[in-house]
Amino acid sequence: MTQETAQLIVDGKTYTLPVVESTTGERAIDIRSLRQQSGYITLDSGYMNTGSCQSTITYLDGDQGILRYRGYDIADLAANCVFIEVAYLLLTGELPTAKELDRFKYDMTRYALIHEDMIHFFDHFPPNSSPMSILSTMVGTLHDFYPEMDQEEDPYGGITTTTARLLSKVRTIAAFSYKKNIGHPLVYPRPDLSYCANFLNMMFDRPNMPYRVEPIAVIALNKLLILHADHEQNCSTSTVRLVGSAGVGLYPCISAGVNALWGPSHGGANVAVMRMLETIRRDGRDYDKYIAKAKDPNDPYRLTGFGHRVYKTYDPRAKLIKEICTAVLDTLQVDDPLLEIAQELEYRVSQDDYFVSRNLYPNVDFYSGIIYRALGIPTNMFTVMFALGRLPGWIAHWQEMNSDKDSSRIGRPRQVYRGLVNRPFVRLEDR
Ligand code: CMC
């Protein structure tokens, strides 16, 4: 809280509200006492300008294109760390020492299996079920197979057994959901493989065709997961916090986060981008047609993979993902026409005043799908990949929310009621 205050004048009356300052100097008017003082509430649909909590996890400056986890720039983390190192950072606030990282890696191996009874659940999903619905269901059932413990025996640096289990098992569930989807036998996690290599092996190893884990695939996957690991109060993270504020445990909150992420305006955009690029390809690369549709105010069509609520400049994640994309395709010698189409579309958009004036640049989802495709990951798994990356961020926010008395109050927005006020009841026979 600063000494500064804000004055709100309504109907000639002045209300004084405290001002809160962030560590980077951003200021917020604390309106919590406004209703008590004045009877007024604030209206902010879509939370365009509402801070829902105070947080120490991720710093984002949408005007400058800055994204930092616990103070570290994402470019440095993506260049120098593996995913679980960054997960540790998000969860505990510090990068692990070599010893702590070893322990965390050991936990990822130790908890990688899922209860065999859970495997029967996979059998009863209809063919072609969405891996996202499978993921959210299976995460929910972890609550019953691995009950959360009130008192942890040996938490280290803030990593609880429940957290470590969740991080490790979600990876296994994600890979198993793919194997079940294509009807292949499950491949169990191996103790000799790293987090990302293990995931790729569980996805692609087959009894008749052993999989060789390509180093570039492991590097790319680590970077992609790091770049998706947190993004402060986005839709799915806010969902995790809101559901958690009702007092439920970690698993149901993460399951809710997975469902929120699924939407095409959020994590599901990476699937929609591939469909859009495919459509443009099939339509003879008629870029003008799709750009015109996106600009037409009477057409709901949008160029997916462009625009962001908070970035008014190039999304820093997209910049790094674009670099990884080129490196992966070059190393694996993949010639994907969709990359060329994506690059051309980006170029045309960058020359078009409609997009420039609205600050619409590629976002995190624009190039990621092309990398996943080069790694052999099918389109219906793309949002699952996003979920795998976002998991440590969701958990960190859930932990932070629970450790802070103020943000753990039950989330309960108000509304401006615009319906009919008081109607005399009409009996069935008189209607
Ligand atoms: N194509 C064409 N026009 C667009 C687009 C787009 N992709 N995005 C925004 N606009 C226009 C929009 O029509 C509006 O124009 P006008 O001022 O004339 O009405 C203006 O730009 C502002 O758009 P908005 O909908 O008010 O912006 P928002 O902050 O509510 O929405 C967004 C942000 C990401 C939902 C939106 O840009 C969008 O729908 N993008 C495409 C979907 C997408 O790629 N989503 C992934 C987001 S990144 C992953 C994540 O972090 O979840």
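Residues numbered from 1 in each chain as written. Predicted model: local features only at pLDDT ≥ 70, side-chain atom pairs only at ≥ 80, totals over all residues. Heavy atoms only, no water.

Here the focus is the domain arrangement of the protein. Domain annotation for the protein reports domain 1 (5-66) and domain 2 (81-407). Of note, the centres of domain 1 and domain 2, computed from C-alpha atoms alone, are 31 Å apart. On the side of domain 2, 18 residues touch domain 1, which itself brings 18 residues to the contact. In total, domain 1 and domain 2 occlude about 1,300 Å² of area from one another, counting both sides; carbon and sulfur atoms represent 56% of this. (Domains from an automatic or database assignment. Contact = heavy atoms within 4.5 Å. Buried area = accessible area lost by both parts, 1.4 Å probe.)

With that out of the way, let us pick up the sheet that holds strand E1 (residues 5-10). Sheet architecture is open: 3 strands sit in the order E1-E2-E3, paired in antiparallel fashion. Unpaired on one side and paired on the other, E1 and strand E3 (27-29) mark the two borders of the sheet. Taken over all neighbouring pairs, the strand axes of this sheet differ in orientation by 30° on average, direction set aside. Inspection of the sheet shows E1 paired to strand E2 (residues 13-21) by 6 bridges, in the antiparallel sense. (Pairing = 2+ DSSP bridges. Helix = DSSP H or I, 4+ residues; strand = E, 2+ residues; numbered from the N terminus. Axes fitted to C-alpha atoms, helices over the stretch in contact; angles between N-to-C directions.)

A few words on unusual backbone geometry. Most peptide bonds take the trans configuration, and most residues that are not glycine carry a negative phi. A positive phi angle, near 50°, is found at Tyr 47, a position not held by glycine. As for its placement among the helices and strands, Tyr 47 is situated in the loop between helix H1 (34-38) and strand E4 (58-61). With a phi close to 50°, Arg 70 is a non-glycine residue in the positive phi region. Here Arg 70 shows up in the loop between strand E5 (66-69) and strand E6 (72-73).

This part covers the packing of aromatic side chains. Summed over all chains, the structure comprises 13 aromatic pairs. Aromatic pair Phe 204 and Tyr 211: ring centres 5.4 Å apart, planes at 50°, arrangement tilted. We note Lys 169 situated over the ring of Tyr 146; from NZ or CZ to the ring centre the distance is 4.3 Å. (Phe/Tyr/Trp six-rings, centres within 6.5 Å; stacked < 30°, edge-to-face > 60°. Lys NZ or Arg CZ within 6 Å of the ring centre and 35° of its normal.)

Attention now moves to the environment of Val 218. Tracing the backbone shows Val 218 in helix H9 (residues 215-228). For Val 218, a relative accessible area of 15% gives the class buried. Sequence separation between Val 218 and His 231 is 13 residues; the distance between their C-alpha atoms is 23 Å. Apart from the residues within four sequence positions on either side, Val 218 is in contact with Ser 194, Cys 196, Ala 197, Leu 200 and Val 213. (Buried < 20%, exposed > 50% of the residue type's maximum accessible area, 1.4 Å probe, protein only.)

This part covers the side chain of Ser 168. Positionally, Ser 168 belongs in helix H7 (residues 161-182). According to the relative accessible area criterion, Ser 168 is buried, its value standing at 0%. Setting aside chain neighbours within four positions, we find Ser 168 in contact with Asp 107, Met 108, Tyr 111, Ala 112 and Tyr 195.

Now for the nonpolar core. With 117 residues, the main nonpolar core has Tyr 69, Phe 104, Leu 166, Leu 303 and Leu 345 as its most contacted residues. With 12 residues, the single largest contributor to this core is helix H18 (residues 382-403). Non-local contacts of Leu 303, meaning those with residues more than four positions away in its chain, are made with Met 276, Tyr 290, Ile 291, Ala 294, Leu 345, Val 349 and Phe 355. (Core = buried A, V, L, I, M, F, W, Y, C linked by side-chain atoms within 4.5 Å.)

Turning to a nonpolar patch on the surface, a few remarks are in order. Among the surface-exposed residues, Ile 41, Leu 43 and Val 416 lie close enough to one another that they form a single nonpolar patch of about 260 Å² accessible area. Residue placement: Ile 41 occurs in the loop between H1 and E4. (Patch = residues over 30% accessible without salt bridge, like charges linked within 9 Å, V, L, I, M, F, W, Y side chains within 5 Å. Areas by Shrake-Rupley, 256 points an atom, 1.4 Å probe, with all protein chains shown as cover. Salt bridge = Lys/Arg side-chain N within 4 Å of Asp/Glu carboxyl O.)

The next thing to look at is the pairing of E5. Relative to E5, E4 is paired through 4 bridges, and the arrangement is antiparallel. In the sheet register, Leu 60 faces E5, and the bridge partner there is Leu 67. Linking E5 to E6, which pair antiparallel, is a turn of 2 residues; within it Arg 70 sits at a positive phi near 50°.

Two pairing modes exist for strands in a sheet, parallel and antiparallel, and in both the strands are linked by backbone hydrogen bonds. With respect to topology, 3 strands assemble into an open sheet ordered E4-E5-E6, the strand pairing being antiparallel. A single partner strand is all that each edge strand has here, and the edge strands are E4 and E6. Across 2 bridges, E5 lies against E6 in antiparallel orientation. The residue of E6 that forms the bridge with Tyr 69 is Tyr 72.

The next thing to look at is the site of the ligand. Near the ligand you find 20 residues, and of these His 266, Leu 303, Gly 305, Arg 309 and Asn 363 are the closest. In this structure, Phe 306 approaches the ligand through a main-chain N or O atom, which is 2.9 Å from a nitrogen atom. In the environment of the ligand, an oxygen atom lies 2.8 Å from a nitrogen or oxygen atom belonging to the side chain of Arg 309. Across the shell around the ligand, the residue classes break down as 8 nonpolar, 7 polar and 5 charged. (Near = heavy atom within 4 Å. Polar contact = N/O pair within 3.5 Å; in protein donor to acceptor, adjacent residues only side chain to side chain. Nonpolar A, V, L, I, M, F, W, Y, C, P; charged D, E, K, R; others polar.)

Take helix H13 (residues 287-295) next. Taken as a whole, H13 has its buried residues at Tyr 287, Tyr 290, Ile 291 and Ala 294. The arc that holds the buried residues of H13, viewed along the axis, is 100°, so those residues lie on one side. In this structure, the buried side of H13 is in contact with helix H12 (269-282), helix H15 (337-350) and helix H16 (353-357). (Arc of directions from axis to C-beta.)

Looking now at the packing of H9 against H18. For the pair H9 and H18, interaxial distance at closest approach is 7 Å and the crossing angle is 70°. Put simply, H9 runs roughly perpendicular to H18. In the packing of H9 onto H18, the handedness of the crossing is right-handed. Here Leu 221, Leu 225 and His 228 of H9 come into contact with H18, specifically with Met 385, Phe 386, Leu 388, Gly 389 and Arg 390. A class-by-class count of the residues in the contact of H9 with H18 yields 5 nonpolar, 2 polar and 1 charged. (Parallel < 35°, antiparallel > 145°, perpendicular 65-115°, else oblique. Left-handed = near helix turned anticlockwise from the far one by under 90°.)

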